[in-house]
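Structural characterization, general
The lines below spell out each chain.
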Amino acid sequence: MSLSTAIRDVAGGFKSLLVGMRITLGQAIKPSITVQYPHQTLKMPARFRGHVKLVLDPETGKSRCTACGLCVKACPSDCIELDGIKREGEKKKSVTEYELDFTKCSLCGSCVDVCPSDAIEYSKDYNVVSLNREDFSHMDLVKRLEAEAEIWRKHHPPQAAAVATTPVTAPAALATGAKTPSPGQKAP
Ligand code: SF4
Ligand code: SF4
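None of the values given here were measured: they were computed from a predicted structure.

Let's shift gears to the overall build of the protein. Helix and strand content of the protein: seven helices and five strands. Listing each helix as α and each strand as β along the protein from the N terminus yields α-β-α-β-β-α-β-α-β-α-α-α. The 188 residues of the protein split such that 20% are buried. Across the protein, the fraction of contacts at a sequence separation of at least 24, relative to all contacts at a separation of at least 6, is 74%.

Take the nonpolar core next. Formed by 24 residues in total, the largest nonpolar core has its most connected members in Leu54, Cys71, Ile80, Tyr98, Cys111, Ile120 and Leu141. Those elements that place two or more of their residues in this core are β1 (52-54), α2 (70-74), β2 (80-85), β3 (94-100) and α5 (141-154). In terms of residue count, the dominant contributor to this core is α5 (four residues). Apart from residues lying up to four places away in sequence, Leu54 is in contact with Ser63, Cys65, Tyr98, Ala119, Ile120, Leu141, Val142 and Leu145.

For the peptide bond that leads from Tyr37 to Pro38, omega is 10°, which places it in the cis range. For Pro38, the location among the structural elements is in the loop between α1 (3-28) and β1. Of note, the phi angle at Ala67 is positive, near 55°, even though the residue is not glycine. You can see Ala67 is positioned in the loop between β1 and α2. Phi angles above zero are rare outside glycine, and Leu107 is one such case at about 55°. Positionally, Leu107 belongs in the loop between β3 and α3 (110-114).

A few words now on the site of ligand 2. Taken together, 14 residues form the shell around ligand 2, and within it Cys65, Cys68, Leu70, Cys71 and Cys115 come nearest. In terms of residue class, the shell around ligand 2 is made up of 11 nonpolar, three polar and no charged.

Another aspect to go through is the site of ligand 1. Neighbouring residues of ligand 1: 13 residues in total, closest Cys75, Cys105, Cys108, Ser110 and Cys111. A class-by-class count of the residues in the shell around ligand 1 yields nine nonpolar, four polar and no charged.

Next up on the list: the sheet that holds strand β5 (residues 139-140). Pairing is antiparallel across the open sheet formed by three strands, whose spatial order is β2-β3-β5. The two strands at the open ends of the sheet, each matched to only one other strand, are β2 and β5. Here β3 runs beside β5; their pairing, made up of two bridges, is antiparallel. Counted as the bridge partner of Glu99 is Asp140 from β5. Running at roughly 115° to β3, α5 makes contact with β3 and β5 of the sheet.

Time to look at the pairing of β3. A regular strand places its side chains so that they alternate between the two faces of the sheet. With respect to burial, β3 is a largely interior element, six of its seven residues being buried. Examined bridge by bridge, β2 and β3 share six bridges and lie antiparallel to one another. The partner of Asp83 across the bridge, within β3, is Glu97.

The next thing to look at is α1. In this model α1 runs 37 Å from its N-terminal to its C-terminal C-alpha over 26 residues, within 8% of the 38 Å that 1.5 Å per residue would give. Of all the 26 residues making up α1, zero are buried; the element is thus mostly uncovered.

Below, the discussion takes up the environment of Leu145. Within the secondary structure, Leu145 sits in helix α5. What makes Leu145 buried here is the crowd of 24 C-beta atoms within 10 Å. Sequence separation between Leu145 and Gly61 is 84 residues, and the spatial gap between their C-alpha atoms is 9.5 Å.

Turning to the environment of Glu97, a few remarks are in order. Looking at the element boundaries, Glu97 is found in strand β3. Accessibility expressed as a C-beta count within 10 Å gives 22 for Glu97, which makes it buried. Each C-alpha atom of the pair Glu97 and Gly84 lies 6.6 Å from the other, and the pair is 13 residues apart in sequence.

Thresholds applied
- Residues numbered from 1 in each chain as written.
- Chains lettered and ligands numbered in written order.
- Predicted model: local features only at pLDDT ≥ 70, side-chain atom pairs only at ≥ 80, totals over all residues.
- Helix = DSSP H or I, 4+ residues; strand = E, 2+ residues; numbered from the N terminus.
- Buried ≥ 20, exposed ≤ 12 C-beta atoms within 10 Å, placed from the backbone.
- Contact = placed C-beta atoms within 7 Å.
- Core = buried A, V, L, I, M, F, W, Y, C linked by C-beta atoms within 7 Å.
- Near = placed C-beta within 6 Å.
- Nonpolar A, V, L, I, M, F, W, Y, C, P; charged D, E, K, R; others polar.
- Pairing = 2+ DSSP bridges.
- Axes fitted to C-alpha atoms, helices over the stretch in contact; angles between N-to-C directions.
- Expected span 1.5 Å × (residues − 1).

Okay, here's the thing in structure tokens:
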């Protein structure tokens, strides 16, 4: 090996070392992106698709679902069962039961797209876990919404809360356990 080749090799190796050091130092001083799960959780991006959930109307603190059944008809996997009642003085029905079989759901989005009231959306839950299969095959979306509604009521003045205290569930229907098939739904 000639002297000039040796010098070129050493210079090349040194340059490569400097490039490597620059990258290493650059990464070392960057803020950490490690999330200390489960004490911290990530904020999911807007287009993330978690399981389908009922939307809480920020104006009323209640569901916007009118139990029209279009989502039931649109679902290709037959994973939605719902029921509703028409309360006195109200023009439309209110949802009283909304059960999702998340074990069959492909998150295709047909139900979300077809809903005329924007009453359902994808949740941002990415870490739903359970030892019980039933928690996924019979996801009670009304119950989940009621938990959100409780928080909503805590943060709204009494007048607004009074409007929203009408539970999203129908006590009569729940008490009797009555469950009528929704439009497009087979009777049990
Ligand atoms: S996302 Fe698709 S498969 Fe899942 S419940 Fe909605 S329509 Fe059915
Ligand atoms: S399509 Fe929308 S309003 Fe109709 S039952 Fe489904 S979620 Fe409720």
